[in-house]
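What follows is each chain in one-letter form.
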Amino acid sequence: MEAKRNEDRLWRSWNEWVDTPELKAQTQREFAPEAAPHSDFVSRRQFLKLMGASLAMAGLSACGYKPQGPIIARAKIPEEALPGESLYYATAVTLSGYAKGVLARVYEGRPIKLEGNELHPASLGATDAITQAEILNLYDPDRSQSLLKFGQIQPWQVFTSELTQQLALQQAKQGAGIHLLTGVITSPSLAAQIQAFLKAYPKAKWYQWEAVNNDNLYAGTRLAFGEFLNPIYRLRQAKVILALDSDFLYMGPAAVRYAREFADGRRVRENQREMNRLYVAEPMPTVTGFTADHRLPIHSSRIGLLAAAIARAINAPIQINATGQLTPDEQKWAEVVARDLMAHRGESVVIVGEAQPPEVHAIAFAINAALGNLGKTIVFTAPPEAKPTLCTEDIRTLAKEMEAGQVEVLIMLGTNPAYDAPADLNFAELIPKVPFSVHLSRYTDETSALCVWHIPESHPFETWGDARAFDGTVTIQQPLIFPLYPNTRSALELMATLNGQGGKQPFELVQSHWKSAKIVPDAQFDAFWRKSVHDGVMARTALPVKTVALRTNLSVNLPTWTAEAQLPQPTPTSLELRFAPDPTMYDGRYANNTWLQELPKPVSRICWDNLAFMSLKTARELGVVGNEKVAFVHDSAPLIQIRVNGRTLIAAAYPIPGHVDNAITLHLGYGRTRAGSSGSGTGFNAYTLRTSDAMWFTSGAEATTTGQRYPVARTEEHHLIEHEQLDSLHHRPIMLIGTLKEFNDDPHLTKKRHGESGELPSMYRGYKYDRYKNPNNYRYAWAMVIDPTVCTGCSACVTACQAENNIPVVGKTEVIRQREMFWLRIDRYFKGSPDNPRTYQLPVPCMQCENAPCELVCPVAATVHSEEGLNQMVYNRCVGTRYCSNNCPYKVRRFNYYRYTYYRQPVLHLLQNPDVTVRGRGVMEKCTYCVQRINRARIQAKKENRRIRDGEIVPACQQACPTGAITFGDINDPDSTVSRLRREPHLFTMLEELNTRPRTTYLAKIENPNPELNMEAHDAGSH
Amino acid sequence: MAQVFKRYHNTVARATIGGGLLALIALVLGGSSITRSPWWTRAGEPPDQPVPFSHKHHAEELGIDCRYCHWSVTKSAHAGVPPAEVCMTCHSQIWTNSPLLQPIRDSYEKDQPIVWNKVNDLPEFVYFDHSIHVNKGIGCNECHAGIEKMQLTAKSQPFSMWWCLNCHRNPEKYIRPKGEVFNMSYKVPRTAEEMRALLEKHGIQWNGKLPRNQEELGALLVNQYNIHKEQLSDCSVCHR
Amino acid sequence: MQEAIKARAIQEPPLFEREQTYERITAQIGDIPFDRHPTAWTITFGLGFIGTTLLIFALVWLVLIGTGIWGINQPVAWGFAIINFVWWIGIGHAGTLISAILLLMRQAWRMSINRFAEAMTIFAVMCAGLFPLFHTGRPWAAYWLFPLPNWLALWPQFRSPLEWDVFAVSTYFTVSVLFWYMGLIPDLAAVRDRAKSQLAKVISGILSWGWRNSAIHWMRFDSAYLLLAGLSTPLVLSVHSVVSLDFAISIVPGWHVTLFPPYFVAGAIYSGFAMVLTLVIPFRIFYPKLREYITMHHIDMMAKVMLATGLIVFYGYMMEAFFGFYSANLFEKGMITNRMFGPYWHVYWALIFCNGLVPQSLWFPKVRHNLFWVFIISLIVNTGMWLERFVIVVTSMHRDFTPSAWGMYGPTFWDWATYIGTLGFFTMMMFLFARFVPMLAMAELKDLWYRLYGHRGGHDGHAPAGEPVHTPTPTSGGGA
C-alpha cells in the first residue's frame, strides 16, 4: 500500500516535469526532483546507486582511516575572519514586505543559522518558525538561476536591449502602457527607485498585491478615523485581551513581539501571582485560540454580531445597524466578556483579525475607544508601507486594464498572481495577453511560466537592501554570502536598471538613498551608517505615534452577508467556507521549503498538506467519518468535493476539535503546480474558490464525499480526543494543569496533586555533581525548565532545532510511517468535548534523565552519562539496535531508518552546521541540549579561566522561543535562573513515578478562566 | 576391507586441531596489533604537496615560531594553513624567483587558493579544538612529534581513539607549563634544579615539595590549570 | 534399574514397533543416506531452497537500503526481526532439552528423537542468529558487540541484556553443535563402514575421527557425552531466560515482568516440541522405515509434554492479565487493556485460542493418538507461539507511556520475505540433514533395545559396528 502511495506521489510530481521547456532547462541544469526529501522509490534507486558509497561508509565506520583529503588554503584572509570561527551579521527577513530582524551566523562565508535580534522591535531576540526556515530558501536547489524568455535561457544583454526598446516606445506616451505589480513594499530605497521611475513615466501605474493583506484593517481605520492607520498593540499593559477571529500571537509582522508581551503578562511564579486573561472568538482553532483562557467557536460571518453585542453592552460610541441574532450562549459570552473588559478600562484591548470586514474593525476601535485603551494598550502610526493601498482594489483594476488591453508592459516584482490572485479575475488567462511581461522571482513559478521574460531574483541574504518593521523601524539588509548564481538580481537592482542606473552596485543604491534621506548630518553619516548596519536597526526611523480621534457619530452597517446569519445557522447543505493563511506556507510562497512543509502545523499537527478542516459533528453529518468510537487512526482522509458559487474543489476533509459546526476552513498556499520539486503537487489549491468579493469567507458552500481517500501525514494520533485516551490524559502524570485561583489558594500544586514527591529510591548509585571538586575547577549540571503556561505551540523551537542540529527532512511517506526526525516535538492534548475542548501544548525535548533507561540497555555504550549530567549520544558508536528508543518512556529518540541526509545538489551542503555531525543511516539520534554550544562556551570559559556565566549558553530552542517559555542553565549554581525556576512550588516532572529524574522539568500549566463562564474542562484534579 | 586412512593421518588430525586453535588466537592478536601499526594508521607517510615545504628548515633552522604561520592556533579550533600572503611576507624578499615557490606566487597574484594535501586527518565525527589544548599546556609536539625535524611533513602519530584517550584519561603524563607549549626542544626536567628553574621561570607555585618527575609536575599543572580530568573522557567532548 | 525400565516398557505402548536386531537397526537407519530419496524430499527441499534464495535477496536489499524497508517506526522500533528471533530461539529449545534433561531423567523414549531434535535446534538457532545481526541499523559495525581488543579502547556495555544475548546464544549454539556431533560419531563410523563410494568413506571417516568401537572409545564417549549433557542442562534454562531479559530488563509496561524467564522457557519448550512434531510426522510418512522407531508412543509422550508446558504458558498469560489489573499501576493496566481491547485485540485473542484453548484437546488420548490432529495442533501451537511474541513486542511498544508518541505497526513485504526466507532455510537444512546423516541415533537405539529385551543380535558373535559391548550406558552412567 506504501508502494501505491509512492506511485501517486511520483506521478503527481512527474506531471509537471513533462514538456515544459523551462523545467527541461532546469533538468539540464541538474535540477532533479531529488531535492524532494527521501520519500519514494526514486530515492530508493538513489540508494542503490549509493550502494558503493554506503559500503564505503561501512568500511569507514569500521576503521577510521580513509585517504586524507585536500586542504584549501586561502590566498588571502580578511582580518576579521578567524579560520573555523563564525561571525554574526545583523540583517532582516521580510514577509509581505515587513521586516523581522535577525542575526545570521556565518561560518566560513556561508550563513548557516538565524537568531533573533534583541535590538529589533519585531524580534526582541526571538524568531518564528518561518523566519528560522528562511535560511533554507537561500540554499533551495530549485531556485531559478538564469533569465528565461519563453522558457529559453537568455543572456542579460538580450533582456536589457529589449527592455530599452520597450521603454523607448513607452517614452512617447509617458509610459501609459507600463504597469508595475509588486508585493507590499516597505523598503524605502526600493520605493524611491519606483517613485523615480513613475516620475520618468508619469502615466505608468504601480499596483501592489498580497494574497494575505491588510485591506480590511486599513478600510476599517479609514472608516473609524478617516485615514489609513497602522495599529500597534501594547500587550504588556493589557490585563484582558479579546481577539476576534485574530491569530495575533502567530500571524502578522509583529506576532513575535506580541507573543513576548502577552507572555510577560502571564508568567506565574510564587512571587508573581497575576496573569492576563485572553478571550478568543474564532471559527477554526488557531495558535491564539488554543492559548486562550476562553475560546468561543463561532462563524466568521457572525463575529460582527458578537462585536456589536459587546459594543452595545459597553455602549461604545458607534451606531451599528445589524440583523441576525446570537445564540443565548454567545449572547452570555459577549456580556461576560464585556463586563470583564469594562472592569479593566485602559488595560484591556480588543484585536480583530485580517479576515473580518472593515465594519468589525471599526466596531473594535470604537470599543477600544470607549474603554479608554487608545494611546494605552493600542497606539496608531502611519502605515509603514511605502504606498498603503487596498490590494484587492489594485489587482481588480489591473485585471480590468489587462482585459481592456491597456497593459503593454507588465513588470512584476516577486508576486505570483497567476497562482494567488482572486479566482474571478482569471489572472492567469490575462497575463499572456500582455505583449511584454517581465516577472522577477526566485522560482520559475506559475506566473513566470506565463510571462515573456522571467528574471531570477536574488535572495535578500545575497545582496543589499532595506525594509521596515511593523513600527516603521528600518533595517539595512546586508549580504551574508557571495551570490550563489551570477545572473540573479534583486528588485532594487531591476528597478535601477529600469531607471538607467543598471551600473550601480546595490550597496551604492541603498547607501546613497539613506545619505540623501538626511536622518543625520552628512558629517555623522558614516558612523550612523556603520551603527545601523551593525545593530540591524536604524535609529530614529520608527514611525511617530499619532494621536487619533474616533469620527463623531460613527455608524456602520454590518454588510449584507451577515443578514444570512438571520437564516437558521449555516447547515450541512449551506456551509460557511473560511480561507486562512497557512501556518507554515503562509500564502504559498514557502511551498518549496521542506522544513516548513514537514513542520507539524501548530494546530492540526498535519504536515505536507492543507486539508478541509471541519468539526467532528459536521464531519459526521457529511459522512466524512463514521460514528466509530476511534475517530481517525487512519493515515488517510476522505476526499470531498466543495462547491461554492459555481466553483468546485476536491480536498481531503479532516475533523479538528474545536472547529465551529457547519463550516469548512481551507488554508491558502497549497496545490501549487510550479513551486519546485518538493512543493509542487502537495495539498489542495484553495485559491480556486477564493473570489475578490469574498476574500476570506463565504456562505452557501456545499460538500459531498467522493468515496476516495487521500494519504495524510500527521505526527500525532488524532484519536486522542477519544474518551479512553482523554482518561489517560487525566490520569497520566504528563502535564500538571491548574487555574490561577487554585494557584493563589496554594501554589504547591504539585504537592497537592501528587503528594510529597521527594527522591524515590533507586538501585543504581546516583551520579555525583559536587560543585567544587577543586575550588577553582567548577563543575556544571545542566538542566532545562519549560513553562507551558506561556507556550503557544508556535513551533519556532522545532524549526530552530532542525536548523541548528542538521535534522533531516524525511518526506510525507516517511512521516506517515511515523519516522519524522524532530528532536523536539510539541505534544498537544485535548480535554473536554470535541466541540470546544481545552487544549494543552507541551514542548518535549530529551529529558536528560539522571536514571536514564536508554543508557542501561545500549550494548555498545553509544549513549552514556556525562560528567555534567547529559545523556550523550555518540552517533559514530551507535550500531542501531534501537533498544534505547524502546526503553525511553518519553519517546524522544529518533532513528535514521534510511540515509535521510543525502543531497544530490551540493548547494544544500552549504546549509549544514559544521559543529554537528551529519548522521548516517542506521544510527539513533536525539536532543543533547545543543551540546556543541555547551562545548564552545566551556572551551571559551576555560581559556579565560572563569566559570560559564548564567545565560551564556542558549540552546537553539530557547533562543528562538518568542515567549521565553524555555530556560536552560546550570543547577549547580543556586542563583542561576533555572535553579530558581526549579525551586518554584508548581514545578512538575513528567512521568515522575518512573524515577528517571529528568533534567528537563516543567512548570504547571496555569489558566486564568473567568468564573462567570462555565468551563467544564476546569474541573479539579485534572492533569 | 582396505583401510581408508594411513597412520600419518593421525598426526595430520592432531595438527589440524592445534593449528586451528593457534590460528584463532593469531587472528585476534594480529588484528588488534595491525590496526595500531603505522602501516594501518599511515603515520610517517608524507603525502605529496604542491610546494615541498620543509618544517625542519623554517621551524628549526630559521627558528620561526609556530604561531607565525598558524596564528589562529591559540584562538580557534583550527590551527589554520597559512594563506599565500603569509609566505609572501618573506618570499617577496628572498627566493623571489625560485621555481619551487611558483605556486605560492601564482596563488598570491591570481588570488587562487593553493590546494595542499591533508597530513593529519580526523574523521568528520571527531571535533578537535587546537586552542584549548595549547592554552592548557599541551605542547605542539605532543601530537606533532618531531615536526621540527621533518623535511617533508608527515603525520607522526596514529591519531586513533586509544591514542587520544591515553592523554585524555591521564593528562598529567603529557602536560607541560603553558610557556613551553611552543618550545619544540622542551624536555621534562630531570634534576631538582632544572625543575625549580622551570617552575620559577613560569611562575608556577608548588606548595612544599618540588615535583620530582613528569607525573608529579603534571598533577601540579592539571590542578593549577583547572583541568577537569574526569570530564576529558566524556564522549561529547569530542563527539557530538 | 534395568528391571525398572523393562517393567515400564512392558506396561507402556512399545518403543519399537517390531522385533529388532542390531543389524536391522543399522540397516534401517544407516542405509537411508544411501537409499534413493522419495520425491516428497525433492519437492520440499526445492521449496526450502527457493525460500533460502528469497532470504538472501531480502538481506542483501536490507543491507543496501537500510532497516527502513521494514515496517518498524517510532514508537515500535522492534518488529518482525525480534519476534522471529525469539520464536526461532524458542524452537531451538526442544533439542537440548530432549538430549540433556530427558537424558538425565532417563526417559527411554528420547532415544529415537534426540538426533532429530538436536539437528532442528541447530538450524533453528542459525535462523534466530540472523535476526539480531541484521536488525541493527549498521550490521557492518555489529562486531562491536563482541569484546575484542580494538584501537577505540572501548568495550561493549555489559549491563545491556543485548550484550548477554551475544554470549548466551553463541554458547548455546556451540554446545548444541558439539552435543549433536558427539552423538553422531559412532553412527558416522557405522556409515563409514557401510559406505560404498570412496568419497563417502573418506568424509564419514574424517568426521568419525577414526572411531574403532573399542571399549576405551566407548568409555570416553560415555563420559564426554554425559559431561556435555551436564553442561547443556543449565543452558536450556539460561538461554531463553536471557532472551526474556531483553524485555524484562526494560521499563516498558508489558515487558517489565519478573515472570518472564520461567514463562519464556516453558514457552520455548512448548514451541520446540510443537516443531519436533511438525517435522517428525511428515518424516514418518516420507521415510516409512522410521515408523518402527518413532512409534505412537513417542508422539503421545511429546503431545503430553506439549500439554504440560502449554498449561504453564497459559498460566503466564493469566498472570500477565492479573498483574495488570492487580498492580493498580496505571500503565500496566493501560497495557493489558490495550492488548485485550486495543487495535490489536484480534492478535491477542488469536493467541489465547492457539496457545490456551486448542492444546487442551490433548487431554484426550484419542486426539493424542491421531497423527493428523496432533500435526494440526502442532502447527497451531507454532503459530500461537509466534503470535505471543508479536503481542509482547508490538502491543507493548505501540502505546506506552506518552500518549502523544503512540503509533501503529504493520509489516511490509520485506518483513514477510525475511521471515518466510528463514522458514525456507530451516526446511532446506532439515532435509539436507535427512539426506546425509543417520536421522536417528542408532547406537543409542541398539543400546536401548539391549537393555529392554536383552542381547539378541550378532548371532555369529562378532558385533556389528556401534554395538555396545559393555553395559555402562549414558543412562546408567547418569545414575552412577
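Residues numbered from 1 in each chain as written. Chains lettered and ligands numbered in written order. Predicted model: local features only at pLDDT ≥ 70, side-chain atom pairs only at ≥ 80, totals over all residues. Heavy atoms only, no water.

Draft legend 1. Representation of the sheet that holds strand β40 (residues 966-970) of chain A in the model. Residue and element names in this part refer to chain A. Strand order in this open sheet of four strands is β40-β33-β42-β41, and the pairing throughout is mixed. The open sheet has two free edges, formed respectively by β40 and β41 (987-988), since each of these has just one partner strand. Judged from the five bridges that link them, strand β33 (residues 782-786) and β40 form a sheet pairing that is antiparallel. Considered in β40, the bridge of W782 is made with D970. (Pairing = 2+ DSSP bridges. Helix = DSSP H or I, 4+ residues; strand = E, 2+ residues; numbered from the N terminus.)

Draft legend 2. A look at the interface of chain B and chain A. At the junction of the two partners, chain B supplies 54 residues and chain A supplies 47 residues. Counting each side, the surface lost to burial between chain B and chain A is near 4,600 Å², with a carbon and sulfur contribution of 53%. Among the residues of chain B in contact with chain A, N226(B), H228(B) and R240(B) are the three that bury the most area, contributing 16% of the side total. Run the count over chain B and chain A and you get zero salt bridges. Counting the contacts that link chain B with chain A gives 18 residue pairs in polar contact (both at pLDDT 80 or more). Of all the secondary structure elements, the ones that give two or more residues to the side of chain B that touches chain A are α2 (38-41), α5 (84-91), α6 (102-110), β1 (114-117), α7 (130-135), α12 (229-232) and α13 (235-238) of chain B. The element contributing the most residues to the side of chain B that touches chain A is β1(B), with four residues. Tallied by class, residues from the side of chain B that touches chain A come to 23 nonpolar, 17 polar and 14 charged. Direction of pairing for strand β1 (residues 70-73) of chain A relative to β1(B): antiparallel, over a ladder of four bridges. Bridged to P70(A) within β1(B) is N117(B). (Contact = heavy atoms within 4.5 Å. Buried area = accessible area lost by both parts, 1.4 Å probe. Salt bridge = Lys/Arg side-chain N within 4 Å of Asp/Glu carboxyl O. Polar contact = N/O pair within 3.5 Å; in protein donor to acceptor, adjacent residues only side chain to side chain. Nonpolar A, V, L, I, M, F, W, Y, C, P; charged D, E, K, R; others polar.)

Draft legend 3. A look at the packing of aromatic side chains. Across all of its chains, the model carries 72 aromatic pairs over all chains by this definition. Chaining the aromatic ring pairs together yields one cluster made of F80(C), W87(C), W88(C), Y344(C), W386(C), F390(C), Y409(C), W416(C), Y419(C) and F426(C). Between K178(B) and the ring centre of Y225(B), over which it is positioned, the NZ or CZ distance is 4.7 Å. (Phe/Tyr/Trp six-rings, centres within 6.5 Å; stacked < 30°, edge-to-face > 60°. Lys NZ or Arg CZ within 6 Å of the ring centre and 35° of its normal.)

Draft legend 4. Local environment of a nonpolar patch on the surface. Judged by side-chain polarity, L22(B), L24(B), I25(B), L27(B), V28(B), L29(B), Y143(C), F146(C) and L148(C) come together as a nonpolar surface patch covering roughly 890 Å² of accessible area. Residue position: L29(B) is located in helix α1 (residues 8-34). (Patch = residues over 30% accessible without salt bridge, like charges linked within 9 Å, V, L, I, M, F, W, Y side chains within 5 Å. Areas by Shrake-Rupley, 256 points an atom, 1.4 Å probe, with all protein chains shown as cover.)

Draft legend 5. Region of interest: the packing of α5(B) against α6(B). Residue and element names in this part refer to chain B. Viewed as axis vectors pointing N to C, α5 and α6 meet at an angle of 115°, and their least axial separation amounts to 9 Å. The hand of the α5/α6 crossing is left-handed. Seen from α5, the contacting residues are A84, E85, C87 and M88; seen from α6, they are I104, R105, S107 and Y108. (Axes fitted to C-alpha atoms, helices over the stretch in contact; angles between N-to-C directions. Left-handed = near helix turned anticlockwise from the far one by under 90°.)

Draft legend 6. View of the sheet that holds strand β12 (residues 294-297) of chain A. Residues and elements named next belong to chain A. Read across the sheet, four strands follow the order β12-β11-β10-β14 without closing on themselves; strand pairing throughout is parallel. If you trace the sheet from one side to the other, it starts and ends with β12 and β14 (348-352), each paired once. Averaged over all neighbouring strand pairs, the angle between strand axes comes to 10°, with direction disregarded. Alignment of strand β10 (residues 240-244) against strand β11 (residues 277-282), held across five bridges, turns out to be parallel. Within β11, the position partnered with L242 by the bridge is Y279.

Draft legend 7. Expanded view of the side chain of N593(A). All names here are of chain A. The residue N593 is located in the loop between β22 (575-580) and α20 (594-598) in this model. Taking relative accessible area as the criterion, N593 reaches 1% and is therefore assigned buried. Engagement of the side chain of N593 in a polar contact is seen with the backbone nitrogen of W595, the distance being 3.0 Å. Once you skip the residues sitting within four places of it in the chain, N593 turns out to touch A133, L136 and N137. (Buried < 20%, exposed > 50% of the residue type's maximum accessible area, 1.4 Å probe, protein only.)

Draft legend 8. Focus on α6(B). All names here are of chain B. All buried positions along α6 are accounted for by I104, R105 and S107. What you see down the axis of α6 is that its buried residues fit within an arc of 160°, all on one side. Exposed side chains of α6 directed beyond 90 degrees from the buried face belong to E109 and K110. One or two steps after α6, the chain reaches D111, where phi turns positive at roughly 55°. (Arc of directions from axis to C-beta.)

Draft legend 9. The confidence of the model for chain A, seen in detail. On average, residues of chain A score 86 in pLDDT, and 87% of them are at 70 or above. Counting interchain partners and residues more than four positions distant, the pLDDT-below-50 stretch residues 1-64 of chain A has 112 contacts. (pLDDT = per-residue confidence, 0-100.)

Draft legend 10. Highlighting the pattern of salt bridges. Residues and elements named next belong to chain A. One pass over the full model with this rule turns up 66 salt bridges over all chains. A salt bridge links R236 to E261; its shortest N-O distance comes to 3.7 Å. Linking R236 in the loop between β9 (230-233) and β10 with E261 in helix α8 (residues 255-264), this pair joins segments that are 25 residues apart in sequence. Accessibility expressed as a relative area gives 42% for R236, which makes it partly exposed. Between R817 and E814 there is a salt bridge; the shortest N-O distance is 3.3 Å. Here R817 falls in the buried class, since its relative accessible area comes to 7%. Accessibility expressed as a relative area gives 1% for E814, which makes it buried. When salt bridges with common partners are traced through the structure, they connect R236, R257, E261, D264 and R267 into a single cluster.

Draft legend 11. Representation of the interface of chain A and chain C. Between chain A and chain C, the contact holds 66 residues from the first and 61 residues from the second. The contact between chain A and chain C buries some 5,500 Å² in all, and 56% of this surface belongs to carbon and sulfur atoms. Taken together, the links from chain A to chain C amount to one salt bridge. Two residues, D400(C) and K891(A), come together in a salt bridge whose shortest N-O distance is 2.8 Å. Remark: the boundary between chain A and chain C carries 37 residue pairs in polar contact (both at pLDDT 80 or more). Among the elements of the structure, α3 (41-62), α22 (723-731), β34 (825-831), α27 (853-857), α28 (883-887) and β38 (894-895) of chain A are those that each provide at least two residues to the side of chain A that touches chain C.

Draft legend 12. Structural detail: the state of the cysteines. Residue and element names in this part refer to chain B. Taken as a whole, this structure holds zero disulfides over all chains when the rule is applied. Here C69 is not cross-linked by a disulfide; its sulfur's nearest cysteine counterpart is in C87, at 6.7 Å. You can call C69 partly exposed: its relative accessible area is 22%. The thiol sulfur of C143 is not disulfide-bonded, and the nearest other cysteine sulfur, from C167, lies at 7.3 Å. On the accessibility criterion, C143 (16% relative accessible area) is buried. (Disulfide = S-S within 2.5 Å.)

Draft legend 13. A look at the pairing of strand β42 (residues 1000-1003) of chain A. Residues and elements named next belong to chain A. Of the two faces of β42, the one holding T1000 and Y1002 and the one holding T1001 and L1003 are both buried throughout. Alignment of β33 against β42, held across three bridges, turns out to be parallel. Residue pairing in the sheet places I786 in a bridge with Y1002 of β42. With two bridges connecting them, β41 and β42 associate as antiparallel partners. Within β42, the residue paired with L987 across the bridge is L1003.

Draft legend 14. Inspection of unusual backbone geometry at higher detail. Cis geometry is found at the peptide bond from Q74(C) to P75(C), where omega equals 10°. Here P75(C) lies in the loop between α3 (39-65) and α4 (80-91). One non-glycine residue, N945(A), lies in the positive phi region at around 50°. Judged by its relative accessible area of 45%, N945(A) falls in the partly exposed class.

Draft legend 15. The arrangement of the environment of A303(C) in detail. Residue and element names in this part refer to chain C. Relative to the assigned elements, A303 resides in helix α11 (residues 296-326). Separated by 205 residues in the primary sequence, A303 and I98 place their C-alpha atoms 14 Å from one another. For A303, the residues in contact, after removing those within four places along its chain, are L277, L362 and R368.

Draft legend 16. A look at the environment of K76(A). Within the secondary structure, K76(A) sits in the loop between β1 and β2 (86-95). Sequence-distant contacts of K76(A), defined by excluding residues within four places in its chain, comprise P83(B), E85(B), Y108(B) and D111(B).

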